[in-house]
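In case you want the letters, here they are:
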Amino acid sequence: MKPSELITKIENNEFDNELKKLYVSDSAVNAQKPRYIRTINEFIKLFGDDRDVFVLSAPGRTEVCGNHTDHNNGKVLAASINLDAIAVAAKRDDMVIKEKSEGHNLNDVDISVLAPNESEYGKSAAMMAGLKEYGYNIGGFDACTTSDVMGGSGLSSSAAFEVLIATIVNHLYNGGNIDAVTVAKASQFSENVYFGKPSGLLDQMASSVGTFVTIDFKDTANPIIKKVNYDFAKSGYALCIVDTHGNHSDLTDDYAAVRSEMEDVAKAFGKKVLREVEYDDFLNHLAELQDKVNDRAILRAFHFFGENDRVDKAVTSLENNDFEAFKQAITESGFSSFLYNQNVYSPKTPTEQKLSLALCLSEK
């Protein structure tokens, strides 16, 4: 469908049902329409109105429980949110990507040659490498994108963008046949190798799969994904996202330290990741462990083992309609992240503790 035709159909409410699947309420749908029309008009302005386009979305995510467990093959409970990145995209006849994100300059990249390059970290071309690695077709395209997943917010704006780019290529060059799990894996590959960030699979998986899910990463090649059916609205509760004005955008070194220290504990037991270590063995060898790894690594291992149990507790609580037990598990997860995993603020800037302050005020 041509871009101008799309605008007419949106204005005539012909896509309301499709939009409602993403944004749920009629008021939210009405609020989103100008955003879509604005993005389509930007595409027409830059690339013309003579080609058929796809309109695609990838949501941000919130981690409900299972903080920093995915990279050590743990368990998580996560949900996609109704803040998303959207794209209007059309095929090109060459191996060039021209992508314009709202508020940014046009990104013009040749993808005929793909190799890790620090100067290209974070750019859309890197996503092609992940899809190519998994054996899928890639090609050039023109796209205009916009996102209301706030950057540096902890809602995985980067994962939403990665999944969005992969979804564009999925539909333009692969007939929409790449499954959501593979989209997530390709996105993670690109982030690890081409973006320089040693992330696990949680962010990309929650964005790609969507809804409210629990995921067990014991076998990362075949993660076990289970939808959690619970009506939060009927419980009288809602998930509120609070802007603490904290900065989540320059934490790659801190993030990498969490993963590496957990893996240091695993290596002390001759294992690759903590999921391969038995908790009783960990407890029974604490004295020897203190001679092999630092104290924070041991605390982070305690967090990992506790989080895996809490994810199970949280899911079981919802399945049994026990919301009080669910809340307790989530509260315990927050305290463990603060006290043991110690990723609520950066040790590089110990006087800047917006999240710590927000947790304190929430408790009060």
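Procedures and definitions
- Residues numbered from 1 in each chain as written.
- Predicted model: local features only at pLDDT ≥ 70, side-chain atom pairs only at ≥ 80, totals over all residues.
- Heavy atoms only, no water.
- Axes fitted to C-alpha atoms, helices over the stretch in contact; angles between N-to-C directions.
- Helix = DSSP H or I, 4+ residues; strand = E, 2+ residues; numbered from the N terminus.
- Parallel < 35°, antiparallel > 145°, perpendicular 65-115°, else oblique.
- Contact = heavy atoms within 4.5 Å.
- Left-handed = near helix turned anticlockwise from the far one by under 90°.
- Nonpolar A, V, L, I, M, F, W, Y, C, P; charged D, E, K, R; others polar.
- Patch = residues over 30% accessible without salt bridge, like charges linked within 9 Å, V, L, I, M, F, W, Y side chains within 5 Å.
- Areas by Shrake-Rupley, 256 points an atom, 1.4 Å probe, with all protein chains shown as cover.
- Salt bridge = Lys/Arg side-chain N within 4 Å of Asp/Glu carboxyl O.
- Buried < 20%, exposed > 50% of the residue type's maximum accessible area, 1.4 Å probe, protein only.
- Core = buried A, V, L, I, M, F, W, Y, C linked by side-chain atoms within 4.5 Å.
- Phe/Tyr/Trp six-rings, centres within 6.5 Å; stacked < 30°, edge-to-face > 60°.
- Polar contact = N/O pair within 3.5 Å; in protein donor to acceptor, adjacent residues only side chain to side chain.
- Arc of directions from axis to C-beta.
- pLDDT = per-residue confidence, 0-100.
- Expected span 1.5 Å × (residues − 1).

Q: What's the story with the packing of helix 2 (residues 16–23) against helix 3 (residues 26–47) in this structure? I'm lost.
A: Two quantities define a packed helix pair, namely the angle between the helix axes and the distance between the axes. Two numbers describe how helix 2 lies on helix 3: the axes approach to 9 Å, and their chain directions differ by 110 degrees. Put simply, helix 2 runs roughly perpendicular to helix 3. For the pair formed by helix 2 and helix 3, the contact residues are Asp16, Leu19, Lys20, Leu22 and Tyr23 on the first element and Asp26, Ala28, Val29, Gln32, Lys33, Arg35 and Tyr36 on the second.

Q: Any chance you could explain the packing of helix 6 (residues 180–193) against helix 7 (residues 202–209) here in plain terms?
A: Where helix 6 meets helix 7, the closest approach of the two axes is 8 Å, and the angle between their N-to-C directions is 145 degrees. Remark: the crossing between helix 6 and helix 7 carries right-handed chirality. Here Ala180, Val181, Val183, Ala184, Ser187, Gln188 and Glu191 of helix 6 lie close against helix 7, whose contacting residues are Gln204, Met205, Ser208 and Val209. In terms of residue class, the contact of helix 6 with helix 7 is made up of 6 nonpolar, 4 polar and 1 charged.

Q: Help me out: how do you make sense of a nonpolar patch on the surface in this one?
A: Together, Met150, Leu239 and Ile241 give the surface a local cluster of nonpolar side chains, amounting to about 290 Å² of exposed area. Position of Leu239 relative to the elements: it lies in the loop between helix 8 (232–235) and helix 9 (252–268). Taking relative accessible area as the criterion, Leu239 reaches 58% and is therefore assigned exposed.

Q: I tried to follow the nonpolar core on my own but got confused; where do I start?
A: Note on soluble globular proteins: their nonpolar side chains tend to be buried together. Among the nonpolar cores identified, the biggest contains 29 residues, and Met128, Leu131, Phe141, Ile168 and Val169 are the most heavily contacted of them. Elements supplying a minimum of two residues to this core: strand 1 (54–65), strand 2 (75–91), helix 4 (125–133), strand 5 (141–147), helix 5 (157–173) and helix 6. Among the elements that make up this core, the one with the highest residue count is helix 5 (10 residues). In terms of nonpolar packing, the next biggest core, distinct from the first, is built from 17 residues, Ile7, Phe47, Ala90 and Cys144 among them.

Q: Before we go on, may I ask you to explain unusual backbone geometry in this structure?
A: The phi angle of most residues is negative, glycine excepted, and most peptide bonds adopt the trans form. In the Ramachandran plot, Asn321 falls in the positive-phi region, its phi being about 60 degrees despite a non-glycine side chain. Take Asn321: its relative accessible area is 59%, and that puts it in the exposed class. Despite not being glycine, Gln342 shows a phi value in the positive range, around 55 degrees. Tracing the backbone shows Gln342 in the loop between helix 13 (323–341) and helix 14 (354–363). Residue classification places Gln342 among the partly exposed positions, given a relative accessible area of 29%.

Q: Where do I start with the packing of aromatic side chains in this structure?
A: Aromatic ring pairs are reported here in terms of the distance separating the ring centres and the angle at which the planes meet. Summed over all chains, the structure comprises 14 aromatic pairs. Between Tyr237 and Phe323, the ring centres sit 4.5 Å apart and the planes meet at 25 degrees, which makes this aromatic pair stacked. Of this pair, Tyr237 sits in the loop between helix 8 and helix 9 while Phe323 sits in helix 13; the two residues are 86 residues apart in sequence, bridging distant segments of the chain. When its relative accessible area of 37% is taken as the criterion, Tyr237 is described as partly exposed. Exposure remark for Phe323: the relative accessible area of 11% places this residue in the buried category. A network of ring pairs unites the aromatic residues Phe212, Tyr230, Phe232, Tyr237, Phe323 and Phe326 as a single cluster.

Q: Where do I start with the side chain of Thr214 in this structure?
A: Counting through the fold element by element, Thr214 comes out in strand 6 (residues 212–216). Judged by relative accessible area, Thr214 falls into the buried class, the value being 12%. A polar contact of 3.0 Å, which involves the side chain of Thr214, links it to the backbone oxygen of Val76.

Q: Explain helix 1 (residues 3–11) here, please?
A: Residues that lie three or four places apart on an α-helix share one face, since the helix turns once every 3.6 residues. Turning to helix 1, its buried residues number three or more, namely Pro3, Leu6, Ile7 and Ile10. Within helix 1, the buried residues cover an arc of 100 degrees as seen down the axis, which keeps them to one side. Next to the buried residues of helix 1 lie helix 3 and strand 1. Positive phi appears at Asn13, one or two residues downstream of helix 1, with a value of about 65 degrees.

Q: How do you make sense of the confidence of the model for the protein chain when you look at a structure like this?
A: When pLDDT drops low, the exact placement of atoms in the prediction is not to be read closely. Here the protein chain shows a mean pLDDT of 90. Residues at 70 or above account for 93%. The spread of mean pLDDT over the elements of the protein chain runs between helix 4, the lowest at 78, and helix 10 (residues 279–284), the highest at 98.

Q: Teacher, can you tell me more about helix 5 here?
A: Over its 17 residues, helix 5 runs 24 Å from end to end, which matches the ideal 24 Å to within 8%, given 1.5 Å per residue. In the stretch just after helix 5, Gly175 is the one whose phi turns positive, near 65 degrees.

Q: Whenever I open this one, the environment of Phe302 confuses me. Can you help?
A: In this structure, Phe302 sits in helix 12 (residues 295–319). For Phe302, a relative accessible area of 28% gives the class partly exposed. Once the C-alpha coordinates of Phe302 and Lys9 are considered, the two residues, 293 residues apart in sequence, prove to be 54 Å apart.

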